[in-house]
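For reference, the chains in residue letters:
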Amino acid sequence: MSKAANTRLTILLKAFELIYSKGYQTTSIDEIIATTQVTKGAFYYHFKTKDEMGVAIIEEILKPTMLGSFIKPIENSENPIEDFYNMISYLLLEDPLLQVKYGCPVGNLTQEMTPWNNQFSLALSELVNQWMMTIENAIVKGQTLGLIRKDVDGQQVSFFIMSGYWGIRNFGKLQDSNSCYIVYLREFKNYLSSLK
């Protein structure tokens, strides 16, 4: 990786950490520069504006992370019911990137930025739609394999799984505790069993 590419990645990673813990609008470019210890010129060499950097965080940090943690675990699933549960359980209890007190970074940015910035809306919609389609495809495959009832609607399941995940992340954030995750996962398992 070139020095310029390394500097860009450092800015994005450090900015993501600040934004995840403090919020996008309350994180200033000056804070990002101070944390990354790059010059203002170096920041503006890579990003013309803070919003350009924000969209780059979605594209270059969040998208690969979601691909690895949200998409890949169910993309080639041979047992969607089990893999949906394992994916959500991992995201809530084990993923080292996601912290209870800060919630879901994609959910946070969606709530904070989509009313104000169309570029954020488009980039976040692409991520969410990819996750949704992956869930829907896994439902169809599960039906083909005889693991999921034929009358189950994949779109309904994907909305339910995604909204449940974002919702319980917000409860955890509010309480700064993962105890609600345990309760949620028990009921989530019951829901998934009802799809058989």
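Predicted, not measured: the structure shown is a model, and the values here were computed from it.

(A) Representation of the packing of aromatic side chains within the structure. On inspection of all chains with the given rule, the structure shows 11 aromatic pairs. With a centroid separation of 4.7 Å and an interplanar angle of 90 degrees, the aromatic rings of Phe-70 and Trp-131 are classed as edge-to-face. On the criterion of sequence distance, the pair formed by Phe-70 in helix H4 (residues 50–75) and Trp-131 in helix H7 (residues 118–144) is long-range, its members being 61 residues apart. The exposure classification of Phe-70 matches that of Trp-131, with both residues buried.

(B) A look at the environment of Asn-79. Turning to its location among the elements, Asn-79 is positioned in the loop between H4 and helix H5 (80–93). On the basis of relative accessible area, Asn-79 is assigned to the partly exposed category, the value being 29%. When the C-alpha atoms of Asn-79 and Leu-18 are compared, they prove to be 37 Å apart, with 61 residues separating the residues in sequence.

(C) Looking closely at helix H2 (residues 29–36). For H2, the full list of buried residues reads Ile-29, Ile-32, Ile-33 and Thr-36. Along the axis of H2, the buried residues cluster in a sector spanning 100 degrees; they form a single face. Where H2 is buried, its residues contact helix H1 (3–22), helix H3 (40–46) and H4.

(D) Representation of the nonpolar core. Membership of the largest hydrophobic core comes to 62 residues, with the highest contact counts inside it found for Met-53, Phe-84, Ile-88, Leu-109, Trp-131, Tyr-165 and Phe-188. Broken down by secondary-structure element, the contributors of at least two residues to this core are H1, H2, H4, H5, helix H6 (105–113), H7, helix H8 (154–175) and helix H9 (179–193). With 11 residues, the single largest contributor to this core is H4. Excluding anything up to four places from it in sequence, Trp-131 contacts Met-66, Phe-70, Ile-71, Ile-74, Met-87, Ile-88, Met-162 and Tyr-165.

(E) Summary view of the state of the cysteines. Per the counting criterion, the structure on display carries zero disulfides. Take Cys-180: it sits in no disulfide, and the sulfur closest to it among the cysteines is that of Cys-104, at 14 Å. What makes Cys-180 buried here is its relative accessible area of 13%.

Reading guide: rules and limits
Residues numbered from 1 in each chain as written. Predicted model: local features only at pLDDT ≥ 70, side-chain atom pairs only at ≥ 80, totals over all residues. Heavy atoms only, no water. Phe/Tyr/Trp six-rings, centres within 6.5 Å; stacked < 30°, edge-to-face > 60°. Helix = DSSP H or I, 4+ residues; strand = E, 2+ residues; numbered from the N terminus. Buried < 20%, exposed > 50% of the residue type's maximum accessible area, 1.4 Å probe, protein only. Arc of directions from axis to C-beta. Contact = heavy atoms within 4.5 Å. Core = buried A, V, L, I, M, F, W, Y, C linked by side-chain atoms within 4.5 Å. Disulfide = S-S within 2.5 Å.

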